[in-house]
Amino acid sequence: VQLQASGGGLVQAGGSLRLSCAASGRTFRGHTVGWFRQAPGKEREFVTTIKWNSGHTYIADSVKGRFTISKDNAKNTVYLQMNSLKPEDTAVYYCVASTTVIQSAIMSPTAYGSWGQGTQVTVSS
């Protein structure tokens, strides 16, 4: 599946942004879809994912209570609502998808075969 991410930008600390990840070529049915991020000089970090069929979500402790992942079946799109943003949330955010992720590997970037192009999120202090 091809992924198109959008919605990044510059926001002040405490602000909000919503990222979108749209699928093309096929639907998200049967996929685990989510987001990783990578800050300068750091490794890619798991943020959150959602199992399309069940709606079950997984989320990193670092963003729990501030970020929410959701999906729109009709639009074949996954959203990442980011609230109470902090400067440490600054990173390139990547949409990911896979049909073969097992639960023990849900936070591993190598478990996802489809990656979007990345969208920059910058949070100023």
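How each quantity is defined
- Residues numbered from 1 in each chain as written.
- Predicted model: local features only at pLDDT ≥ 70, side-chain atom pairs only at ≥ 80, totals over all residues.
- Heavy atoms only, no water.
- Disulfide = S-S within 2.5 Å.
- Helix = DSSP H or I, 4+ residues; strand = E, 2+ residues; numbered from the N terminus.
- Buried < 20%, exposed > 50% of the residue type's maximum accessible area, 1.4 Å probe, protein only.
- Pairing = 2+ DSSP bridges.

### Considering the state of the cysteines
Move 1: Tallied over the full model, the rule gives 1 disulfide.
Move 2: Paired through a disulfide, Cys21 and Cys95 show a sulfur-sulfur distance of 1.8 Å. What sets the handedness of the Cys21 and Cys95 disulfide is the S-S torsion sign, and at about -75° it is left-handed. Of this pair, Cys21 sits in strand 3 (residues 17–24) while Cys95 sits in strand 9 (residues 91–98), and the two are 74 residues apart along the sequence.
Move 3: The class of Cys21 is buried, set by a relative accessible area of 0%.

### Remarks on the pairing of strand 8 (residues 77–82)
Move 1: Strand 8 sits mainly inside the fold: 5 of its 6 residues count as buried.
Move 2: Pairing analysis gives 6 bridges linking strand 3 to strand 8, with the strands arranged antiparallel. Across the sheet, the residue bridging to Leu19 is Leu80, located in strand 8.
Move 3: Sheet topology places strand 7 (residues 67–72) next to strand 8; 6 bridges connect them, and they run antiparallel. If you follow Lys71 over to strand 8, its bridge partner there is Val78.
Move 4: As consecutive antiparallel partners, strand 7 and strand 8 are separated by 4 residues, and within that stretch Asn76 has a phi angle of approximately 50°, a positive value.

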